[in-house]
Amino acid sequence: MDTSIAIIGAGLGGLTLARVLHVHGIAATIYEAEASADARAQGGMLDIHENNGQLALKAAGLFDRFVEIIHPGGQATRVLDKDGAVLLDHPDDGSGGRPEVPRGALRRILLDSLPADTVRWGHKVTEVAALGGGRHGLTFANGATVTTDLLVGADGAWSKIRALVSDARPTYVGTSFIETYLFDSDTRHKASAAAVGGGALFAMTPGKGIAAHREPDGVLHTYVQLNKPKDWIDSIDFSEPATALARVAEEFDGWAVALKALITDGETDPVPRPIHALPVEHRWSRVPGVTLLGDAAHLMAPSGEGANLAMFDGAELAKALIANQGNVEVALLAYEKELFPRSAFEAREAVGILDICLGSDAPQSLVDMLANYQAVE
Ligand SMILES: Cc1cc2nc3c(=O)[nH]c(=O)nc-3n(C[C@H](O)[C@H](O)[C@H](O)COP(=O)(O)OP(=O)(O)OC[C@H]3O[C@@H](n4cnc5c(N)ncnc54)[C@H](O)[C@@H]3O)c2cc1C
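Residues numbered from 1 in each chain as written. Predicted model: local features only at pLDDT ≥ 70, side-chain atom pairs only at ≥ 80, totals over all residues. Heavy atoms only, no water.

**Concerning the sheet that holds strand β14 (residues 208–215)**
Right, so step 1: Strands sit in the order β5-β4-β13-β14-β15-β12-β16 across an open sheet of 7 strands; the sheet is mixed. The open sheet terminates on both sides in strands that have one partner only, identified here as β5 (86–90) and β16 (271–277). Each strand of the sheet is rotated relative to its neighbour by a mean of 20 degrees, with strand direction disregarded.
Right, so step 2: For strand β4 (residues 77–80) and β5, the ladder comprises 4 bridges, and the chain directions are antiparallel. Residue pairing for β5: L80 is matched across the bridge by V86.
Right, so step 3: Against the sheet, helix α9 (residues 257–264) makes contact with β4, β12 (171–182), β13 (200–205), β14 and β15 (219–227), and its axis sits at roughly 80 degrees relative to β14, the strand it touches most. (Pairing = 2+ DSSP bridges. Helix = DSSP H or I, 4+ residues; strand = E, 2+ residues; numbered from the N terminus. Axes fitted to C-alpha atoms, helices over the stretch in contact; angles between N-to-C directions. Contact = heavy atoms within 4.5 Å.)

This is the structure:
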């Protein structure tokens, strides 16, 4: 294929696109803002789903490598009420279709599967110019410039490339997450470790909740979730970690000690994550030579699908380009025709899941949803 391909962003979506193209003998270059693969901790577990993320890994020829990094027992799920009483407890019997893997290990597998010069680290796009005929010129913060025949924005929530196709901007959804970690939990935080169990814990009430995950080596990774105005989260000084933790913990006065300790015993600086989303129906008219994938295309509230969708988009875009070599526009049209309804469906689901977790019927709404999953599996 003579077309030069520039992918902006070495997240899971951009890497999957480059890998599937590579498997089919098509070269692409990924330009990534971060200085190196290790510039930022890639913490957290991702459950990779049979119907999207796993299909992408198969297309990438990396499914066996993925199986090697599965965290055994990670699919266990329980729901507690605010007093710590167990409302639902599903052990991981190995039969679920959503095995958990560490995000960093998954990204590493993709990175290692690409030729060494595929990712250009330290290349933050600062300007993009349409040159006509579907070509684009890119300028990077380090002063470098390139032109490309095909430009793919895989540059995440605050995509720079998105503006070429759409005026949409992510807006705050009314919920903020605050991230905390406990380490060596089986010896040092026994009550919290017992409350979380072997996999995921959800303790949800209308407007506030605690979601925690057991990660390898007894790490407990928590997302405190609060329906609050953006001003509220902005007013907390997270440069003062102890004060910030205390301010967040106040919201959970009266909750079981083992649950509240997931906040008060936090051993890393708490990280605020105000949740933003693009419009559910975000789509654009065909613009020659450029498209988007992953969060750049369809940022949505966390529903457990974002990384899966980004990888699936990457694989699907690669397949469209492979099937239509020599005709980029036909390939992009075919890719976007499937992308838009798929993204809108998942974005609607994400809105629903946020309501199931933090809406007026929580936690029963969550118990019902998880019980249904179990019945279907
Ligand atoms: C709190 C939270 C929890 C989540 N939990 C889950 C989960 O359990 N399961 C799940 O599937 N999803 C989850 N998600 C969603 C998931 O993290 C994202 O949907 C996914 O990472 C999107 O992948 P991506 O490749 O599109 O973008 P990203 O992973 O964001 O990658 C984009 C890349 O582009 C680079 N970049 C950005 N701007 C530029 C630029 N100008 N120039 C060059 N490079 C640039 C960035 O440095 C980054 O490396 C969660 C999200 C949040 C906020």
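**Focus: the nonpolar core**
Right, so step 1: Within the largest apolar cluster, 59 residues are counted, with the highest numbers of intra-cluster contacts made by I7, L15, L17, L21, I30, L106 and L317.
Right, so step 2: The biggest single contributor to this core is helix α11 (residues 306–323), with 8 residues.
Right, so step 3: Excluding residues that lie within four positions of it along the chain, L15 makes contacts with A10, I30, R107, L110, L111, L114 and V119.
Right, so step 4: Within the second largest apolar cluster, 28 residues are counted, among which are V196, I236, L262 and I263. (Core = buried A, V, L, I, M, F, W, Y, C linked by side-chain atoms within 4.5 Å. Buried < 20%, exposed > 50% of the residue type's maximum accessible area, 1.4 Å probe, protein only.)

**Notes on the site of the ligand**
Right, so step 1: Taken together, 30 residues sit near the ligand, with E32, R103, V125, D295 and A307 positioned nearest.
Right, so step 2: At 3.4 Å, a side-chain N or O of N308 approaches an oxygen atom of the ligand.
Right, so step 3: Elements with a contribution of two residues or more to the shell around the ligand: α1 (12–23), β3 (45–47) and α11.
Right, so step 4: At 4 residues, α11 tops the list of elements feeding residues into the shell around the ligand.
Right, so step 5: Taken together, the residues of the shell around the ligand sort by class into 13 nonpolar, 9 polar and 8 charged.
Right, so step 6: Two domains each provide a minimum of three residues to the shell around the ligand, namely domain 1 (5–71 + 101–169 + 279–356) and domain 2 (171–277). (Near = heavy atom within 4 Å. Polar contact = N/O pair within 3.5 Å; in protein donor to acceptor, adjacent residues only side chain to side chain. Nonpolar A, V, L, I, M, F, W, Y, C, P; charged D, E, K, R; others polar. Domains from an automatic or database assignment.)

**Structural notes on the pattern of salt bridges**
Right, so step 1: Under the counting rule described, the total for this entry stands at 22 salt bridges.
Right, so step 2: We note a salt bridge from D89 to R78, for which the minimum N-O separation is 3.4 Å. Residue D89 is found in strand β5, and its partner R78 is found in strand β4; the two are separated by 11 residues along the sequence.
Right, so step 3: Notably, a salt bridge pairs D186 with R214, separated by 3.0 Å at the nearest N-O pair. With D186 in helix α5 (residues 185–188) and R214 in strand β14, this pair connects stretches of sequence that are 28 residues apart.
Right, so step 4: Salt bridges here are not isolated pairs; linked through shared partners, they connect K208, K228, R247, E250 and E251. (Salt bridge = Lys/Arg side-chain N within 4 Å of Asp/Glu carboxyl O.)

**A word on the sheet that holds strand β1 (residues 5–8)**
Right, so step 1: Pairing within the open sheet is parallel, and its 5 strands lie in the order β7-β2-β1-β11-β17. Either end of the sheet is taken by a strand with one partner, and the two such strands are β7 (119–120) and β17 (290–292).
Right, so step 2: Each of β1, β2 (29–31), β7 and β11 (150–153) touches α1; the most contacted strand, β1, lies at about 155 degrees to it.

**What to know about the packing of aromatic side chains**
For any pair of aromatic rings, the description rests on two quantities: the centre-to-centre distance and the angle between the ring planes.
Right, so step 1: In total, this model carries 6 aromatic pairs according to the counting rule given.
Right, so step 2: Ring centres of Y181 and F183 lie 6.0 Å apart, and the angle between their planes is 0 degrees; this geometry places the pair in the stacked category.
Right, so step 3: Take F183: its relative accessible area is 31%, and that puts it in the partly exposed class.
Right, so step 4: Ring centres 4.7 Å apart and planes at 85 degrees place the aromatic pair W284 and F340 in the edge-to-face group. Placement of W284 in the loop between β16 and β17 and of F340 in helix α12 (residues 328–358) is noted, with a sequence separation of 56 residues between them. (Phe/Tyr/Trp six-rings, centres within 6.5 Å; stacked < 30°, edge-to-face > 60°.)

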